[in-house]
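# Summary of structural features
The residues making up each chain are set out below.
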Amino acid sequence: MAALVLGAALTATLVTATPASASWSDPEHAGGTVAAGRVLPPGGFTCTVGNFLVGGLLQQAIRFSWTAPPATSLKPNRFSVTLSYAGGLNPPTGTYSASGTATELFVPTNTVIGIGSSTARISSHLGTWSSSPAAQTRTVSVTNVLLGVLVDCS
């Protein structure tokens, strides 16, 4: 029996666990370039009312014109002119768009209804990014002159 106990004691000492350690390394690296840019508003924002060739037809329209943003800006792919209420009874409101290479936009006056004034603002856009509106604003005024509508932009 003593041999059996001695054998069990020797087996118990041979089966003891030894501590293990694990380690790894991941030598991969990534690199890239980051550039920042801004979409700037156009400059030289003006408007005139007159007879223009619009869509192949000679018609009275408001012509909004501008100069491209400075070369330091990201190149816009669209411009928008927004007319917002400034006073009166139902003056023209809405947003009109032109492609990024355009420097003018025509709004036919036969689409202008109401009496009063609107403030016109222009912005540049690139995808979902937009500039702040240009510092220059214009006023579109509509008056009713004895059965006719007179539109002015200044």
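These numbers were taken from a predicted model, which means no experiment stands behind them.

Cut-off values and rules
Residues numbered from 1 in each chain as written. Predicted model: local features only at pLDDT ≥ 70, side-chain atom pairs only at ≥ 80, totals over all residues. Heavy atoms only, no water. Phe/Tyr/Trp six-rings, centres within 6.5 Å; stacked < 30°, edge-to-face > 60°. Helix = DSSP H or I, 4+ residues; strand = E, 2+ residues; numbered from the N terminus. Buried < 20%, exposed > 50% of the residue type's maximum accessible area, 1.4 Å probe, protein only. Pairing = 2+ DSSP bridges.

### So, the packing of aromatic side chains
Under the counting rule described, the total for this entry stands at three aromatic pairs. Ring centres of Phe-52 and Phe-106 lie 5.2 Å apart, and the angle between their planes is 50 degrees; on these two criteria the pair is classed as tilted. A residue pair is termed long-range when its members are at least 10 positions apart, and Phe-52 in strand β1 (residues 43-54) and Phe-106 in strand β5 (residues 104-108) qualify at 54 residues. With relative accessibility at 18%, the residue Phe-52 sits in the buried group. Among the residues examined, Phe-106 registers a relative accessible area of 24% and is labelled partly exposed. For the pair Trp-66 and Phe-79, a centre-to-centre distance of 5.3 Å together with 50 degrees between the ring planes defines the contact as tilted. Taken together, the positions of Trp-66 in strand β2 (residues 57-67) and Phe-79 in strand β3 (residues 78-89) put the pair 13 residues apart, joining distant regions of the chain. Under the relative-accessibility criterion, Phe-79 is labelled buried at 2%.

### A closer look at the pairing of strand β6 (residues 115-126)
A regular strand carries its side chains on alternate faces of the sheet. With nine of twelve residues buried, β6 lies mostly within the body of the structure. As judged from the eleven bridges shared by β3 and β6, these two strands associate in the antiparallel manner. Bridge assignment links Ser-84 to a residue of β6, and that residue is Thr-119. Between the end of β6 and the start of strand β7 (residues 129-130), which pair antiparallel, lie two residues, with Gly-127 showing a positive phi angle near 60 degrees.

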